[in-house]
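What follows is the residue order along each chain.
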Amino acid sequence: MSASVLKSTVDTKSPAAQKNHRRIVDLLTQLKNEEELICVGGGSKAVDSQHKKGRLTGRERVKKLVDLGSHFFELGIYAAYEMYEEWGGAPGAGVITGLARVCGRTVMLIVNDATVKAGAFFPMTAKKVIRAQNIAIENRIPTIYLVDSAGIFLPLQEDVFPDTDDFGRVFRNNAVMSAMGIPQIAAIMGMCVAGGAYLPVMCDHILMTEGSGLFLAGPALVQAAIGQKTSAEELGGAKMHSQISGTVDFREPDDESCIARIRSLVDKMGAPNAAPFSHTKSRNPLYPGEGIYSIFTADPGKQYDVRDIIARIVDASEFDEYRAESGETLLCGYARIGGWAVGIVANQKKHVQTFARGSDQKRIEFGGVIYTESAEKAARFILDCNQNRIPLIFLHDVNGFMVGKDAEWSGIIRAGAKMVNAVANSVVPKISVICGGSFGAGHYAMCGKAYDPRFMFAWPTARYAVMSGDAAATTLAEIKLKQLEREGKKVDEKQKKEVYESIRSTYEYQTDPRYAAARLWVDAIIDPAHTRDALIWALEAAALNSELREFKTGVLQT
């Protein structure tokens, strides 16, 4: 069985390639330093306090729980980044989430970090837990909760408590996951108070360590409410819940024995149903992933061939390109990643020479722009992938759809609507990676967050907005200057430049991938060289869900 092997002849030693390499390495170094600070949580004093109670920190628990030598694929580490600073911040939103191997099984971990405000739920904490649960629901991933939380962060209760993506949704998801047959194990390894007490009790297995507490109201609140004096242990300790209330399935003396028990339970879980997707033995790409550093450029004025990126991600660098000579600013094709069959839709950043639609006149199509032919090709390719049960990978570096008279006459809106319809109604797993820009309707067509990708990743070079910073700054500055003129204020060139730069800096800050990750618009900012690894994690997780609903698109504008 033959497949086309991508040949990559990029000169990684050229000055331009070296410049690209240095820029990405600098960004990765900055991210690594920031992530190390986030991993410290509430700081050394909070860590010492946790240890004095005889408890491990959340990250120490994760390290002991996962299989020895395996990698914890963390999701949402930048949640709440640069938020809640008036309250001292909430690194990682005070909760650790991600995919791990436990006894060889892929599981979702949701672990409170009690070093951050005693594990209290900020608004983004609830959203991060819900996002992890939603990933588990979509992919049928067994989920383990390590609970150590003081409950809702009361000063911000109005943003944590009432809405559909707030605190109560966590318990609703517990119930839904249980009904769907998704295994859930909860270990109470500290405080579990008020509404938060429902989370572990709505799971399949409940473990509790000595010295932990599980109650709807603590001793102080009980005394204030009904005048009853009682100790925390008598009110809701592990012994009481094990011997009297019968709430706890396993009482454990400490964190280590509790973690050992969790592993023993996971070891006995039944096997998942067979995946509906094609899978063979994994083969490494012919080119090292680190080469992406030299190839990729986020400079909108520069070009690169996305095939050189794909060659460093897919198995054996083999890629069956679909309609290679049509709609060339969008690459579509079949490949394998980690042995899993995938369909890839990728923005081509090279300008291409082609013929004008319905004419023999040559024209240049700009890389990163979706033209009518590109959208129609991609829509058909997405339909084919759904027909053949092939998961979809989207690699974003898109400026948007082409505009202008020629584009409108060619039916760009109709073609774009067809592509968006195909993406929206797709039933196979969709995984998106924002490599460079992802702007406007192009972001939607390439399976943006609103189109239910199972996972959404971003490179540190990603930019994510309605339009680029320069374009937005020019538009908004012009509006601002006209407003000042209407007010009778004279504006000189220096002031015009200041207005432009002020708007541009604000917009650039908001298009940074860390800003998106802080709000969970992306699940993880990944090292471009590790894109293949991230996609394999995502594909293996997606394969746990053996159910695919019937594929229907409804009305397509043809």
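### Digging into helix 3 (residues 58-65)
Here is step 1: Within helix 3 the residues assigned to the buried category are Gly-58, Arg-61, Val-62 and Leu-65. In a view along the axis of helix 3, the buried residues occupy a sector of 100 degrees, so they form one face of it.
Here is step 2: Summarising the contacts, the buried residues of helix 3 are in contact with helix 2 (44-52), strand 2 (95-102), strand 3 (105-112), strand 4 (143-149), strand 5 (184-193) and helix 10 (255-267).

### Re the packing of helix 4 (residues 123-139) against helix 5 (residues 167-179)
Here is step 1: Two numbers describe how helix 4 lies on helix 5: the axes approach to 9 Å, and their chain directions differ by 20 degrees. By the angle between their directions, the pair helix 4 and helix 5 is classed as roughly parallel. The interaxial crossing formed by helix 4 with helix 5 has left-handed handedness. Where helix 4 abuts helix 5, its residues Ala-126, Val-129, Ile-130, Gln-133, Asn-134, Ala-136 and Ile-137 lie against Phe-167, Arg-169, Val-170, Asn-173, Asn-174 and Met-177.
Here is step 2: Residues of the contact of helix 4 with helix 5, tallied by class, amount to eight nonpolar, four polar and one charged.

### Some words on the packing of helix 17 (residues 469-486) against helix 18 (residues 493-511)
Here is step 1: Where helix 17 contacts helix 18, the two axes come as close as 8 Å, and the packing angle between them is 135 degrees. Taken as axis vectors, helix 17 and helix 18 run oblique relative to one another. Seen from above, helix 17 lies across helix 18 with right-handed handedness. Only Lys-496, Val-499, Tyr-500, Ile-503, Arg-504, Tyr-507 and Glu-508 of helix 18 make contact with helix 17, whose side of the interface consists of Gly-469, Asp-470, Ala-472, Ala-473, Thr-474, Leu-476, Ala-477, Lys-480 and Leu-481.

### Let's talk about the pattern of salt bridges
Here is step 1: All chains considered together, the criterion is met by 23 salt bridges.
Here is step 2: One salt bridge connects Arg-514 with Glu-34, and the closest N-O pair in it is separated by 2.7 Å. In this pair, Arg-514 is assigned in helix 19 (residues 513-518) and Glu-34 in helix 1 (residues 15-39), connecting sequence segments 480 residues apart. For the pair Arg-514 and Glu-34, one class covers both residues: buried.
Here is step 3: A salt bridge links Glu-540 to Arg-101; the nearest nitrogen and oxygen atoms lie 2.5 Å apart. Linking Glu-540 in helix 20 (residues 531-542) with Arg-101 in strand 2, this pair joins segments that are 439 residues apart in sequence.
Here is step 4: Residue classification places Glu-540 among the partly exposed residues on the basis of a relative accessible area of 25%.

### A closer look at the pairing of strand 6 (residues 205-209)
Here is step 1: Of all five residues making up strand 6, four are buried, and the element is well covered by its neighbours.
Here is step 2: Bridge count for strand 5 against strand 6 is four bridges, and the pairing is parallel. From the neighbouring strand, Ala-187 faces strand 6, where its bridge partner is Leu-207.
Here is step 3: In the sheet, strand 6 pairs with strand 8 (residues 250-252) via three bridges, with the strands oriented parallel. By the bridge assignment for strand 8, Thr-209 is matched with Glu-252.

Here is what the cut-offs are and how they apply
Residues numbered from 1 in each chain as written. Predicted model: local features only at pLDDT ≥ 70, side-chain atom pairs only at ≥ 80, totals over all residues. Heavy atoms only, no water. Buried < 20%, exposed > 50% of the residue type's maximum accessible area, 1.4 Å probe, protein only. Helix = DSSP H or I, 4+ residues; strand = E, 2+ residues; numbered from the N terminus. Arc of directions from axis to C-beta. Contact = heavy atoms within 4.5 Å. Axes fitted to C-alpha atoms, helices over the stretch in contact; angles between N-to-C directions. Parallel < 35°, antiparallel > 145°, perpendicular 65-115°, else oblique. Left-handed = near helix turned anticlockwise from the far one by under 90°. Nonpolar A, V, L, I, M, F, W, Y, C, P; charged D, E, K, R; others polar. Salt bridge = Lys/Arg side-chain N within 4 Å of Asp/Glu carboxyl O. Pairing = 2+ DSSP bridges.

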